[in-house]
Amino acid sequence: MNQTTTLAGARSILFLALLALPLDCLPATTGLPPAVSQALQEAGILERSVGIVVQAADGGQPLLSHNARQAMNPASAMKLLTTYAGLEMLGPAYTWRTEALVESIPGNGRLEGNLYLRGSGDPKLGLEQFWLLLRQLRARGVKDIGGDLVLDRGAFSVPVHDPGEFDHEPLRPYNAGPDALLLNLNSVRLTLQPDPLRKIVNVIAETPSDGLRISNHLNLGHDACGDWRERIKPSVFGQTIELGGSFPAACGEKALHLAPWTPDVQVEGLFRALWGELGGSFGGRVRAGRAPANAQTLAVYESPTLGEIVRDINKFSNNVMARQLFLTLDSERPATAAGARRQIGAWLQTKGLKLAALVLDNGSGLSRSERISAEDLAQLLRSAWQSAVMPELVASLPIAGVDGTLRKRLNAGSVTGRAHLKSGYLDGVRAIAGYLLDQNGKRWIVVCLINDPKARAGKPAIDALLLWAATR
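Note on numbering: residues in each chain are counted from 1, in written sequence order. Where local features are concerned, this predicted model is filtered to residues with pLDDT of at least 70; where side-chain atom pairs are given and counted, the filter is 80 or more; whole-chain, interface and lining totals use all residues. Only hydrogens and water are set aside when side-chain values are computed; all heavy atoms of the structure are taken into account.

Draft legend 1. Representation of the overall build of the protein chain in the model. Helix and strand assignments follow DSSP, with helices taken as H or I runs no shorter than four residues and strands as E runs no shorter than two, numbered in order from the N terminus. Counting secondary structure elements, the protein chain contains 11 helices and 20 strands. Taken over the C-alpha atoms alone, the protein chain extends approximately 110 × 60 × 35 Å along its principal axes. The buried label applies to any residue whose accessible area, calculated with a 1.4 Å probe on protein chains only, is under 20% of its type's maximum; exposed applies above 50%, and partly exposed to all values in between. Going through the 472 residues of the protein chain one by one, you find that 52% of them count as buried. In this description, contact between two residues means that some pair of their heavy atoms is separated by no more than 4.5 Å. For the protein chain, the proportion of contacts with a sequence separation of at least 24, taken over those separated by at least 6, is 71%. Method for areas: the Shrake-Rupley scheme with a 1.4 Å probe, in which residue coverage is limited to the protein chains shown. Per element, the accessible surface of the protein chain, about 20,900 Å² overall, is 51% carbon and sulfur. Each charge sign in the protein chain was given a centre, from 49 positive and 44 negative side chains, and these centres are 3 Å apart. For the purpose of counting charges, residues Lys and Arg are taken to be positive, whereas Asp and Glu are taken to be negative. His and the chain ends are not included. Lysine's charge is taken at NZ, arginine's at CZ, aspartate's at CG and glutamate's at CD.

Draft legend 2. Focus on the pattern of salt bridges. A carboxyl oxygen of Asp or Glu within 4 Å of a side-chain nitrogen of Lys or Arg is what we treat as a salt bridge. Under the definition given, this model contains 18 salt bridges. Here Asp 179 makes a salt bridge to Arg 153, at a shortest N to O gap of 2.7 Å. Here Arg 153 lies in the loop between β7 (149-152) and β8 (188-195) and Asp 179 lies in the loop between β7 and β8, a separation of 26 residues in the sequence. A relative accessible area of 18% places Arg 153 in the buried class.

Draft legend 3. Region of the structure containing the packing of helix α3 (residues 79-90) against helix α6 (residues 306-315). At a minimum axis distance of 11 Å, the contact between α3 and α6 shows a crossing angle of 180 degrees. When the interaxial angle is binned, α3 and α6 end up roughly antiparallel. Contacts between α3 and α6 pair Lys 79, Thr 83, Gly 86, Leu 87 and Leu 90 from the former with Leu 306, Gly 307, Val 310, Ile 313 and Asn 314 from the latter. Here the residues of the contact of α3 with α6 are counted per class, giving 5 nonpolar, 4 polar and 1 charged. Structural elements are reduced to axes, namely lines fitted to C-alpha atoms, with helices fitted over the stretch in contact, and the angle between N-to-C directions of any two is expressed from 0 to 180 degrees. Should an angle fall under 35 degrees it is taken as roughly parallel, and over 145 as roughly antiparallel, whereas 65 to 115 is taken as roughly perpendicular and any remaining angle as oblique. Charged means Asp, Glu, Lys or Arg here, nonpolar means Ala, Val, Leu, Ile, Met, Phe, Trp, Tyr, Cys or Pro, and polar covers whatever is left, Gly included.

Draft legend 4. Broad picture of the sheet that holds strand β14 (residues 254-258). With antiparallel pairing, 3 strands are arranged side by side in an open sheet as β9-β8-β14. Where the open sheet ends on each side, the last strands, each with one partner, are β9 (200-205) and β14. Between one strand and the next, the sheet's axes are offset by a mean angle of 30 degrees, whatever the strand orientation. Pairing between strands is defined by DSSP: at least two bridges between them are needed.

Draft legend 5. Quick look at the pairing of strand β13 (residues 240-248). Sheet analysis places strand β10 (residues 213-216) next to β13, joined by 4 bridges and oriented parallel. Within β13, the position partnered with Arg 213 by the bridge is Thr 240. Across 3 bridges, strand β11 (residues 219-221) lies against β13 in parallel orientation. Across the sheet, the residue bridging to Asn 219 is Ser 246, located in β13. When strand β12 (residues 232-237) meets β13, the two strands line up antiparallel, connected through 6 bridges. Paired with Ile 232 across the strands is Gly 245, a residue of β13.

Draft legend 6. Layout of the sheet that holds strand β18 (residues 419-426). Reading across from one edge, β2-β1-β20-β19-β18 is the order of the 5 strands in this open sheet, with antiparallel pairing throughout. Edge strands, defined here as strands with exactly one partner in the open sheet, are β2 (64-66) and β18. Strand-to-strand twist of the sheet, defined as the mean angle between neighbouring strand axes without regard to direction, takes the value 10 degrees. Pairing analysis gives 9 bridges linking strand β19 (residues 429-437) to strand β20 (residues 443-451), with the strands arranged antiparallel. Directly across from Leu 436, in β20, lies its bridge partner Trp 444.

Draft legend 7. Expanded view of the environment of Leu 410. By the element assignment, Leu 410 lies in the loop between α10 (390-396) and β18. Residues Leu 410 and Leu 111, 299 residues apart in the sequence, show an inter-C-alpha distance of 57 Å. Those residues in contact with Leu 410, other than ones at most four positions away along the chain, are Ala 400, Gly 401, Val 415, Thr 416, Asp 463 and Leu 466.

Draft legend 8. A look at the nonpolar core. Definition used in this section: a nonpolar core is a set of buried Ala, Val, Leu, Ile, Met, Phe, Trp, Tyr and Cys residues joined via side-chain atoms within 4.5 Å. By size, the foremost hydrophobic cluster in this structure holds 45 residues, and its most contacted members are Leu 81, Ile 344, Leu 348, Leu 377, Leu 380 and Val 447. For this core, the elements supplying multiple residues, two or more each, are α3, α6, α7 (319-328), α8 (337-350), α9 (374-385), α10, β19 and β20. The biggest single contributor to this core is α9, with 6 residues. Discounting chain neighbours no more than four positions away, the residues touching Leu 81 are Ile 344, Trp 347, Leu 348, Leu 358, Leu 360 and Leu 380. Listed in part, the 32 residues of the second largest apolar core include Leu 63, Leu 64, Ile 450 and Ala 469.

Draft legend 9. Spatial organisation of the layout of surface pockets. Cavities and pockets are found on a 1 Å grid laid over the protein atoms alone: a cavity is a set of points where a 1.4 Å probe fits but cannot escape, a pocket is an open set with protein on both sides within 12 Å along at least five of seven lines, and a lining residue has an atom within 4 Å of such a point. Grid points are joined across faces, edges and corners, and a volume is the space filled by probe spheres set on the points. In this structure, the second largest pocket encloses a volume near 1,100 Å³. Along its surface, the second largest pocket is lined by 38 residues, and Pro 159, Val 160, His 161, Gly 177 and Pro 178 are the ones closest to its centre. Of all elements in the fold, only α5 (263-277), α7 and α8 reach the threshold of two or more residues within the lining of the second largest pocket. Top contributing element to the lining of the second largest pocket by residue count: α7, with 3 residues.

Draft legend 10. Expanded view of the environment of Asn 440. Relative to the helices and strands, Asn 440 resides in the loop between β19 and β20. Assessed through its relative accessible area of 64%, Asn 440 is described here as exposed. The spacing of Asn 440 and Gln 324 is 116 residues in sequence and 39 Å in space, taken between C-alpha atoms.

Draft legend 11. Spatial organisation of the packing of aromatic side chains. Only centres within 6.5 Å qualify two rings of Phe, Tyr or Trp (six-membered ring in Trp) as a pair; their planes then separate them into stacked at under 30 degrees, edge-to-face at over 60, and tilted for everything else. All told, the structure shown has 6 aromatic pairs when counted by the stated rule. Their ring planes at 85 degrees and their centres at 5.3 Å tell us that Phe 271 and Phe 282 sit as a pair that is edge-to-face. One end of the pair, Phe 271, is in helix α5; the other, Phe 282, is in strand β15 (residues 281-282), and 11 residues separate them in sequence. On the basis of relative accessibility, which here comes to 1%, the residue Phe 271 falls in the buried class. On the basis of relative accessible area, Phe 282 is assigned to the buried category, the value being 15%. Each member of the aromatic cluster is reached from another via a ring pair, and the members are Phe 271, Trp 275 and Phe 282. Any Lys NZ or Arg CZ found within 6 Å of a ring centre and within 35 degrees of that ring's normal is scored as a charge over the ring. Over the aromatic face of Trp 444 sits the side chain of Lys 442, whose NZ or CZ is 5.5 Å from the ring centroid. The residue whose ring lies beneath Arg 472 is Trp 468, and the NZ or CZ to ring-centre distance is 5.8 Å.

Laid out in structure tokens, this is it:
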């Protein structure tokens, strides 16, 4: 037998041995799948601007690893860390309490002193929940409030927030800052109704606010609906919201959410409106302060559980709710962002997670400084898959082609309904990370981060990666 025959036989044996190995035991591929490379090339995105990991959820060598250790901005994919840490550190049954306190018991329907409203950082204290809290006060005999309404935000210590700092869009609700007494996500809802017969756009203020005025200068457009929000030009003058620009008739009825006021103005407007609707009277001021130590709790609203709230955070990528949870992770009071970062760091150590590229800012991904690598995110997702809170975390993620931020994406193919993924998008950033069930019933972790000036055009490359992972 000659040497050539021997080498050929050895290669055959090696080939057969490799075929016998499970896919997740094969060496990691560093070359990108052709469809992904082509999509990146067509988008003008350099391959070095992309970090990818595809790995079996139950461990083993990655099936695909590309630029996996480079620190990159993950945009809203960072919410995976915040919600996983929250579920483990606080527990899925954790709740927030918003309390109404008094120094003296009301008599004959009148409260002589101040009413204190003390928040604990509830991410989901909405209009209906606030109404229920005020309804409790009425049921307990309070009708007339003789003192002030004092807003106690002592649970959090946060710097003054500039909602226009991030992207010069101060009225966008996603730019609202965290607040221990966050009410209705610090936003109002306006309903826009096109009226083609009268050639006007009707505006309905769905969120009550004392003194709110709408100055409607919207023109009725006749083009396709498209990105209709970009055509509306809102501005705020005191308690007046002015709407300019145009709204296409083809859109039908739409909800426009705006964050027009500071948190104090938001609470005051909603309180005065709802308290009046409930038949109460109030002649005092609304001001910041602290509830005295001897104050008694008269009414309490308890939030939904964290297991429910993480669904809103991840399904709809709610930035301010993520920031509320992030601050809550600081066990000290008042909670600070620095304290939350320390607590998460300690938790990562207990989990044995060494995320070498991690840079935390506010935990929401709405940040230019936050960083993590594709390898770090994959490591985090592997840990979560083995955690007792895995069902709550996975159920909170958008389902491709079904709901949340992925409802209209990948909704006609082999990935539809088979992937739970957190997406992320900022100027210069596109990301996706989560779990995918392939056509053979195997669960994979898929992470793709794109940091490139042309990242906006990176969606086809990410979709190509998901299709490749699902149908190899």
